[in-house]
Amino acid sequence: MKQKNPINMESKMVSISLLKNTIQEYAWGSIRAIPDLLGQKNPENQPQAELWMGAHPKAPSLAYHNGQWISLQQLIAQDPENILGKKVAKQFNNRLPFLFKLLAAAQPLSIQAHPNSQQALSGFQRENAQKIPLDAANRNYRDDNHKPECICALTQFWALSRFRKIPKILRYLQQLNLKQLDDLLTDFKRQPTTQGLQQFYTSLLSLKQDQQKRVVDEALQNARHMGAEHPEFEWLLKLADHYPEDIGVLSPIFLNLICLEPGQALYLDAGELHAYLEGLGIELMANSDNVLRGGLTPKHVDVPELLRVLNFEDRDITLLSPETSVENELIYPCPTAEFVLSSITLKSNGVYQSPRQRNVEIIICTEGHLTIADRDLQKEISLPRGASAIVPASVKRYSLKGEGTCYKAGVPL
């Protein structure tokens, strides 16, 4: 049988290629953060929320290859082993397993969580069987993949993540003195356990709209007297500025409130309730766009489905501790097979040499000006601030030189 669309050997990606990436203009995005980092203008002052680097079908990057810009998704489909590496291609069904982003939040994102692999697969199949279009506003599962993720701050970055310890939740609720929730709180105090938290939170999100409004009104009235003392109450008031009748404004009471300083990073697994509030960060995740929302958004909210996937274990926050790999590189260890994040910082005339064992990587320069070089082909590419490139697995050795900082997304060996 004659092969369709045979691969032209000259068309194979055998060296480093610059990328053009799609910017997602979500309402919560910053007008200036991403354009400033990319050195671009934003004449229409549209909110630019995320820059996507990767091969997700919704917005694949374009790679500069043989004098033209070609979809990275298409290039990988033509020659997965050369670009991804044999092991990665086999393990992830010839697909790039991660999605790399710049995330710029000027307003809070939705309260959300992501499904695990089995939940994603069954949800995707279920909605396909219901014939819900992939781009439909009421679609929960846009692909069949899970979405563990890592966020690393480029500026001071505020976030909510995971249910805080139950005694702290009860203390903050007592300080808010919510008479509207007396019955629910009485039950929660009698059972201050994971099961009690689940029952309380499920009942809270299941209140009728008029009941939610009364709870929020009472919370705002009481929080105004305490905002200066506790950032949790201050953020409750800020969230209410955007969503004045949404029960999600109480999230800083239930979830750990954290402010990441530049270079600090946080890992989020499936089922962990979270929301990014404000700041610019590097985000790396499995190659998925599955989001289950519970509030603080004009987008589709599906409370029953969110509650079904949530992990109600109460925990304190643990930041990722970067580890030195080779000279000038810090790795943020994440317990996932799909991705690994690292940062490379070079001082004047500094040099970074890639490890001998490596696979596919995407690199973005966030500060300064670097040059990336394929050492075997003697080919150099300039990476000014905001520029990004893909380094195929077939590139045996490469180096970075200059003065600046870049972030690198790869797949664990």
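Residues numbered from 1 in each chain as written. Predicted model: local features only at pLDDT ≥ 70, side-chain atom pairs only at ≥ 80, totals over all residues. Heavy atoms only, no water.

## Observations regarding the packing of aromatic side chains
Here is step 1 of the chain: Tallied over the full model, the rule gives twelve aromatic pairs.
Here is step 2 of the chain: Measuring from ring centre to ring centre gives 5.2 Å for F163 and Y201, while their planes differ by 80 degrees; the resulting arrangement is edge-to-face. You can see F163 sitting in strand β9 (residues 157-163) and its partner Y201 sitting in helix α8 (residues 194-205), a full 38 residues away along the chain.
Here is step 3 of the chain: Considering the side-chain rings of F188 and F200, the 5.0 Å spacing of their centres and the 20 degrees angle between planes classify their relative orientation as stacked. Pair noted here: F188 is in helix α7 (residues 182-190) and F200 is in helix α8, with a separation of twelve residues, a long-range link. Side by side, F188 and F200 carry an identical accessibility label, which is buried.
Here is step 4 of the chain: Grouped by ring-pair contacts, the aromatic residues F163, F188, F200, Y201, F254 and F312 constitute a single cluster.
Here is step 5 of the chain: The positively charged end of K238 is found above the aromatic ring belonging to W235, 4.2 Å away from the centroid.
Here is step 6 of the chain: Seen from the ring of Y26, K299 lies directly overhead, with NZ or CZ sitting 4.1 Å from the centre. (Phe/Tyr/Trp six-rings, centres within 6.5 Å; stacked < 30°, edge-to-face > 60°. Helix = DSSP H or I, 4+ residues; strand = E, 2+ residues; numbered from the N terminus. Buried < 20%, exposed > 50% of the residue type's maximum accessible area, 1.4 Å probe, protein only. Lys NZ or Arg CZ within 6 Å of the ring centre and 35° of its normal.)

## Side note on unusual backbone geometry
Here is step 1 of the chain: Located in the positive-phi region is K131, a residue other than glycine, with phi close to 60 degrees.
Here is step 2 of the chain: Along the polypeptide, K131 turns up in the loop between α5 (117-129) and β8 (149-153).
Here is step 3 of the chain: In this structure, N177 is a non-glycine residue whose phi angle is positive, near 55 degrees.
Here is step 4 of the chain: Following the sequence through the fold, N177 ends up in the loop between α6 (166-176) and α7.
Here is step 5 of the chain: On the basis of relative accessibility, which here comes to 39%, the residue N177 falls in the partly exposed class.

## What about the confidence of the model for the chain?
Do not read the fine detail of predicted coordinates wherever pLDDT is low.
Here is step 1 of the chain: Of the residues in the chain, 97% reach a pLDDT of 70 or more, and the chain-wide mean stands at 93.
Here is step 2 of the chain: pLDDT under 50 marks residues 1-9. Its contacts with residues more than four places away, or in other chains, come to two contacts. (pLDDT = per-residue confidence, 0-100. Contact = heavy atoms within 4.5 Å.)

## A look at the layout of surface pockets
Here is step 1 of the chain: As a volume, the largest pocket reaches approximately 1,000 Å³.
Here is step 2 of the chain: Contributing to the lining of the largest pocket are 50 residues, with H56, K58, R142, D143 and D289 lying nearest its centre.
Here is step 3 of the chain: Where the lining of the largest pocket is concerned, the elements lending two or more residues are α2 (72-78) and β12 (274-286).
Here is step 4 of the chain: Among the residues making up the lining of the largest pocket, the classes are represented as 20 nonpolar, 14 polar and 16 charged. (1 Å grid on protein atoms, 1.4 Å probe; cavity = no way out; pocket = protein on both sides within 12 Å on 5 of 7 lines; lining within 4 Å. Points joined across faces, edges and corners; volume = space filled by probe spheres on them. Nonpolar A, V, L, I, M, F, W, Y, C, P; charged D, E, K, R; others polar.)

## Structural notes on the packing of helix α9 (residues 209-223) against helix α10 (residues 231-242)
Here is step 1 of the chain: Put simply, α9 and α10 touch, their axes get as near as 10 Å, and they point 130 degrees apart. By the angle between their directions, the pair α9 and α10 is classed as oblique. Crossing handedness for the pair α9 and α10: left-handed. Residues A219, L220 and A223 of α9 form the contact with α10, whose own contacting residues are F233, L236, L237 and A240.
Here is step 2 of the chain: Within the contact of α9 with α10, the residues separate by chemical class into seven nonpolar, no polar and no charged. (Axes fitted to C-alpha atoms, helices over the stretch in contact; angles between N-to-C directions. Parallel < 35°, antiparallel > 145°, perpendicular 65-115°, else oblique. Left-handed = near helix turned anticlockwise from the far one by under 90°.)

## A few points about the nonpolar core
Here is step 1 of the chain: Counting 53 residues, the largest nonpolar core has F163, L173, L176, Y201, L250, F254 and L310 as its most contacted members.
Here is step 2 of the chain: In terms of residues, this core owes the most to one element, α6, which gives six residues.
Here is step 3 of the chain: The residues touching F163, leaving out its near neighbours within four places in the chain, are L197, Y201, F254, L255, N256, L273, L310, N311, F312, E313, D314 and R315.
Here is step 4 of the chain: Membership of the second largest hydrophobic core comes to 43 residues, among which are L37, I70, L102 and I282. (Core = buried A, V, L, I, M, F, W, Y, C linked by side-chain atoms within 4.5 Å.)

## Regarding the packing of α7 against α8
Here is step 1 of the chain: Close contact between α7 and α8 brings their axes to 8 Å; oriented N to C, the two are set at 165 degrees. In terms of orientation, α7 and α8 fall into the roughly antiparallel class. Our pair here, α7 against α8, has a crossing hand that is left-handed. Counting all contacts with α7, which are made through L184, L185 and F188, the residues of α8 involved are G196, L197, F200, S203 and L204.

## So, the pattern of salt bridges
Opposite charge on two side chains makes pairing possible when the charged atoms of those side chains draw close.
Here is step 1 of the chain: Counting across every chain of the model gives 20 salt bridges.
Here is step 2 of the chain: A salt bridge links K101 to E50; the shortest N-O distance between them is 3.1 Å. Here K101 is found in strand β6 (residues 98-105), whereas its partner E50 is found in strand β3 (residues 50-53), with 51 residues between them in sequence.
Here is step 3 of the chain: A relative accessible area of 2% means that K101 is categorised as buried.
Here is step 4 of the chain: Given a relative accessible area of 5%, E50 falls into the buried group.
Here is step 5 of the chain: One salt bridge connects R315 with E272, and the closest N-O pair in it is separated by 2.5 Å. On the criterion of sequence distance, the pair formed by R315 in the loop between α12 (303-309) and β14 (323-324) and E272 in the loop between β11 (265-268) and β12 is long-range, its members being 43 residues apart.
Here is step 6 of the chain: In this structure R315 comes out as partly exposed when scored by relative accessible area, which is 25%. (Salt bridge = Lys/Arg side-chain N within 4 Å of Asp/Glu carboxyl O.)

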